[in-house]
Structures are given as structure tokens and as C-alpha cells.
Amino acid sequence: MPKLRFKAADTFCRKSGRNGLSILAVFISVVNSSYAVNSEPMLLARAGDLASMSLESLMNIDVVSVSKHSEPLQQSAAAVFVLEGSTIVRSGVKSIPEALRLIPGVQVARLDSHSWAITARGFNSTLADKLEVLMDGRSLYTPLYSGVFWDSQDTLLDDVARIEVIRGPGAALWGANAVNGVVNIVTKSAAETQGSFHQVGGGSEFKGFGAWRYGGEVGDLGHYRVYAKTTHYNAQETPGAGDAQDAGKHNQLGFRSDLKLSDSDTLTLQGDYYTGAIQSPATSKDELASGYNVISRWKRRYDESSDTEIQFIYDQTSRDNRFNFAEDRNTYDLDIKHRFAVGERQSFVLGGGYRVTDDDITNLEPSNTEFTPLKRRDQTLDLFVQDQIVLIPDTLQLTLGAKYERNDYTGEEFQPSVRFGYILDDRNTFWGAVSRAVRIPNRLDHTIEFFDGFIVGDEHFKSEEVLAYELGYRAIFKPTLSADLAVFYNEYDKLRGVSDDLAQPQTLPVRIVNAGSGTSQGVELVMRWEPLQAVKILGSYTYFDMDVAAYAGSRDTSIAQNDESDPNSQVSLQLDWDIGDKWSLQTRARWVGGLDGVAVDSYSALDISAIWRLTRDLDFTLIGSNLLDPQHAEFSGGNEISRSLNGQFTWHF
């Protein structure tokens, strides 16, 4: 689990020499009579037949995250990438962070068996707080620190339809915290997951894992599915190549039903329950996490251009790191969205939401970390509107959007955006955007004390701000070659820092304050090439540069450390190959630049997954990860990630 710390506290730990803050068995019966020879031809449908996934179809796949309604990827005015569920299945990855590693431009670094630092366009850490992450409309970030406890977020990855990632602000539609990007995980409908699914496996990274799902019909009304899974992780390595003693387990079960109430009305009900435990060498106790959620979504469709959607979510989470804090949280979230057209050239999406979150925190080691008050209720009200205007039919489109939010930390926030798309022809699109987004404060900013009050939160801390400028070009040069290019320049202000030099403070306590500003800029290039019908190659390059610092006259030294947490360059290359009817191969190579300021060297990694279809219903996958070296560090402050070899049987019937 992520250690509860932030850069100012990290600085204090390093300079003072004090220790940092600490931070089902699902039954599986897999290999059986289905192993027998089946006379029907082998099908690649489960992993997605590459021949059916043409490059043009991928470039014109519908995305919903950019405008909150379906539109072709090729014409979207944003730096958006869609990771299809079939690619996740082919990769053999077992967690959402590992799936995000398949997406160009997303920075994913693993610290140990369960901790991840994930962001887009900078400010990475285990407490990264500028990326909005959603799964089927449920926000996964915690108001405790505006980030994601990645070890608690899971689903049956075979049920993921796609992951859409917007690099750059998405606050005009998705709200505060969508500062540097939006991750939208969309699972398949219940109708798409009928029948039975079993999976079991293990290896050097996993003591074992298993998953089970069954989907059926609800009379003439619709479909449902239920699932359960368990994953048991082995420990990673310490820098000295010893056991990191961070083994863990995560158990989860859930359901989804999609019902057709009438010709125009649909209702989706879904939910999950999970428990997890991770060994902690700092306390010799297991860190614990659990929770459950329920989502209900009603949608009425009036015609092709208009519909209404109402969604209600209840989310309960509990976490006890057995060292410095335990938290129980209940969140209620109501969202309403309505889409309609005005004439032939304007399409509106408008709506709003109301969110209430209650927490109950226990300070386990007040001399180290203390939250005050122990209980807090926060409410957020938001309204948004977006107008897509066709200025020149089939050529030029302007999108104006804005979101108003009222929260209990800073009061009112306004987050507008302007986007344009210039469609030169069916294969060439230019786009640009100017957006403002904010990261609103949280418990960590306002109500915390570290080290007997040496560092304290401040109720006057304001939202961090970004003004982002983006340009992009998306092209299909020929049916087998495409490119997606984005450049960006971000201006940040009111960045989080502290009121004094932590090593030699002149005034105590040192307060958490808005103490800095700066800029970041970068280039993101994604290319697809299909040299053969059964071979797909995806390559990407990301250049990133950040220059942030404390305000003139400030004694803060922590803000500049943000420059140290993001590599200047990342390169990735992925090859998918269907070798006949029985074999599929995916290889993924990446090079990640070093983090010089925190002594993390650049590294190269190679992952290979090979699928062998034993019968029409049963396949075996062999997954090798980090094959180029025995172990390496991917981020500061963690253990090292070791080479691993895992295998799994998957059975559909």
C-alpha cells in the first residue's frame, strides 16, 4: 500500500535521518475434459483476432471520454488513446497498473509488490494527485490525498472492454483533479460476458491466482454476470537482492446486470466487494484494506442525438496500515447528464452532480502522523455544460466547455476549456485546446500534522492550478500506417510546498502552503504499423521536461524536487503476432530515462506473453516480465522489481 508521505515529508526524512512514515479462495476447476480434441476450428475471439482489428478500425473506434458521448477517435480534439480489452488479454497482465503500462504516454513505475507511482505529464509519486481515474463512472481517487490506492482497485481484466486515457486536462467534463489526465476504465456489458470463464495460474511473481465468472440471462429483460477472483503476490526484492517481505493477497467478487426496461430505457446495476492484506516489514503486521461499492445507472434514449443518464454510486472503503493511520470512508455520488442537439450544427451535453464523503480516521501513532479532526464530511456540487459547434460541415468543429464546482475546501472553482478540430479529410485531423484545471485540497493539505507538529497542514491552502495549451495531429498515411502526435505546454501555479526550509527552519511549525509555480512541456508520438495482416506494431516516444520552483523569497526546497520524479524520455515498442490459429505472441519493450535527482538509473525492460490455444475453449499463456535483468528499481524509495515467469490456463465454455 502507498506509504502516506509527500515530498516535504520525504525531504524532512532525508535531511533529518528519521525513518519515513509507514506508511478466497476462489475455487477453480480448470483442466478437465475440455482438453479433449475439438473438431471445430480454433477461434481467436477471446483475445481478439488481429486480422479483424484493422488499423483504420482502431483509429475510428468510438471514444466517450473526450466529450462524454461517442465520437470517432480520429476526430477527437484531445490527446486520447484507447487500449482495447483484447490487448489486455493478450498481454497476460494481472492488474490495472500493469494494463496502464501498455498505454503510450502514461508513466507507470512500480515500487514493490503492491505500490505504484502513476501519472501523465508529470508530478509522479505514490501519492500522485493530478490524474482522475474512473471505472464505469466511479471515481477511484480518495479524498484523503486526491490520489488512488492502486492496490485496492481491481476487476476481472477479461471483462474490461477498453481503457480510454486522455493526456492533458479533462476538468471541464470530469471535474477537479483531472489536471494532467483522465483514465476511464469501461467494462463490457453483461450481454458480452455470457457463459463460464475460469482462470488459474502462478509462477515466480504470484504464489497463485484464480478467477471465475458466469454470465446468464434475466428472462427477456436482459443479462447478468457474477465473478470472483483471488491473487496472491510473492515478495519483490530489496536493492541488496534480499526478500522485501512485502507479499500480499487480494480477493474480490462482484456482479453486473444490464436490463432493458423498454425500447428507450435501460438500467445497469453493478457492484464489487474486496479484501486485501500485505506484509509490512516495518511493523511485522499485515496492512489491511477492504471495501464495497454499488452503481446504478438509468439511461433513456430519445433519438440519435439526445439522451438522459442518471447515475448513483455508493462506495465504502476501509484501510488500516497498522502503523500510523486507519480510515473508514463512505461516499455517495449522484450524477445527471443530458445530451441534445440544437439545429444541425450544435450538440450540447450538460449536467451536474452532488457528492458527499464521510471519513472516520484513527491516529495509530500521533507523534508521527495525526489527522485533526478525526471525522470530517465534505460535500461537492458541480454543474457542467459543453457545446460542440460545427463551424464548417465535415471540416471545422469548435468545442466550448466549462465546469463550476463548489467544494468545502476552497469554495467555488471554475474550469473552462476550448477545443477545435480541423478535419482535413478522412485521414488527417488537426486539433488544439486551451484548458484550465485545478487540484482541490484534501485531508493531507489541510488537516494533518507530521512529527509532533513539526509539519502541519493549513486550512488556507488553495487549489493547485494549471493552464494547458495543446496541439495535435492525427493521420492515417496509408491503410497500414498511422501516427498520432501531440505537443503541450502547461503553466502551473499555487503548487504545494512548505513555508520554511525543512533542514534549517526559522519558524515552527512548518506549514503546508501554496509555494511555487512553473511550467512543463513535452512531445508525445504514437505510431501504428501493420506490415502483415496478422502482425501489429505499436511504437511510442514521449519527451517531457518540467521546470518548477518555489516563489521568489520562499524558503521551500521541496517543490523543485518534482523535477526529479519524471523521466525526460520514454520509448516503447509493442508487437502482436497471430502465428497461425493456435499461437499468439505479444512482445513489449520499453526504455525509461533515469531519475537523476533520486538516484534511479534509466532501465530497459522486455515482457513477452505467448498464448497457446490447446482447444477451442482452453488456452495456456506463458508470461515473462522484466526479462533483461534480474531486478531493477523503477522509482525512488521502493524495492526492486525482479524478473518473473508466470503461466495461466484460461477456460471459456
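The protein is annotated in an unreviewed UniProt entry as TonB-dependent receptor plug domain-containing protein from Zhongshania arctica. Here is the UniProt Subcellular location (unreviewed entry) comment for the protein, exactly as written: "Cell outer membrane". Word for word, the UniProt comment on the protein under Sequence similarities (unreviewed entry) is "Belongs to the TonB-dependent receptor family."

A closer look at the packing of aromatic side chains
The description of an aromatic ring pair rests on the distance of the ring centres and on the angle between the ring planes. Under the criterion given, the structure shown has 16 aromatic pairs. Relative to Tyr332, the ring of Tyr314 lies with its centre 5.1 Å away and its plane at 35°, an arrangement referred to as tilted. Within this pair, whereas Tyr314 is found in strand S16 (residues 306-320), its partner Tyr332 is found in strand S17 (residues 325-342), the two being separated by 18 residues in sequence. In this structure Tyr314 comes out as buried when scored by relative accessible area, which is 16%.

So, unusual backbone geometry
Residue Pro373 is bonded to the preceding Thr372 through a cis peptide linkage, with omega at 0°. Take Pro373: it is sitting in the loop between strand S19 (369-371) and strand S20 (375-392). Omega for the peptide link from Leu508 to Pro509 comes to -5°, which places this bond in the cis form. Within the fold, Pro509 resides in the loop between strand S27 (481-498) and strand S28 (510-532).

Observations regarding the side chain of Glu640
Residue position: Glu640 is located in the loop between strand S34 (631-632) and strand S35 (641-642). We note that Glu640 is buried and unpaired, the nearest opposite charge coming from Arg643 at a distance of 12 Å. Among the polar contacts made by the side chain of Glu640, one reaches the side chain of Gln631 at a distance of 2.7 Å. When residues no more than four places from it in sequence are discounted, the contact partners of Glu640 are Leu111, Gln236, Glu237, Thr238, Pro239, Gln631, His632 and Ala633.

Here's the deal with the UniProt feature "domain: TonB-dependent receptor plug" (unreviewed entry) in the protein
According to UniProt, the positions carrying the feature "domain: TonB-dependent receptor plug" (unreviewed entry) are residues 73-182. The span residues 73-182 shows a helical share of 15% and a strand share of 30%, and its end C-alpha atoms are spaced 15 Å apart.

Concerning the confidence of the model for the protein
For the protein, per-residue confidence averages 90 on the pLDDT scale, and residues scoring 70 or more make up 91% of the total. Confidence scores differ between elements of the protein, with helix H1 (residues 7-16) showing the lowest mean pLDDT of 46 and strand S12 (residues 222-233) the highest of 98.

As for the pairing of strand S18 (residues 346-363)
When you tally the buried positions in S18, you get 13 out of 18 residues, the bulk of the element. In this sheet, S18 lies alongside S17 in antiparallel orientation, the contact comprising 18 bridges. When the bridges of S18 are listed, Phe340 appears paired with Phe348. With antiparallel pairing between neighbouring strands as the criterion, S17 and S18 make up a hairpin whose turn holds 3 residues, including Gly343 at a positive phi of roughly 70°. Alignment of S18 against S20, held across 15 bridges, turns out to be antiparallel. By the bridge assignment, Arg355 is partnered in S20 with Thr380.

About the cut-offs
Residues numbered from 1 in each chain as written. Predicted model: local features only at pLDDT ≥ 70, side-chain atom pairs only at ≥ 80, totals over all residues. Heavy atoms only, no water. UniProt positions renumbered as here; feature names shortened; annotations may be inferred. Phe/Tyr/Trp six-rings, centres within 6.5 Å; stacked < 30°, edge-to-face > 60°. Helix = DSSP H or I, 4+ residues; strand = E, 2+ residues; numbered from the N terminus. Buried < 20%, exposed > 50% of the residue type's maximum accessible area, 1.4 Å probe, protein only. Lys, Arg positive; Asp, Glu negative; His and termini not counted. Salt bridge = Lys/Arg side-chain N within 4 Å of Asp/Glu carboxyl O. Polar contact = N/O pair within 3.5 Å; in protein donor to acceptor, adjacent residues only side chain to side chain. Contact = heavy atoms within 4.5 Å. pLDDT = per-residue confidence, 0-100. Pairing = 2+ DSSP bridges.

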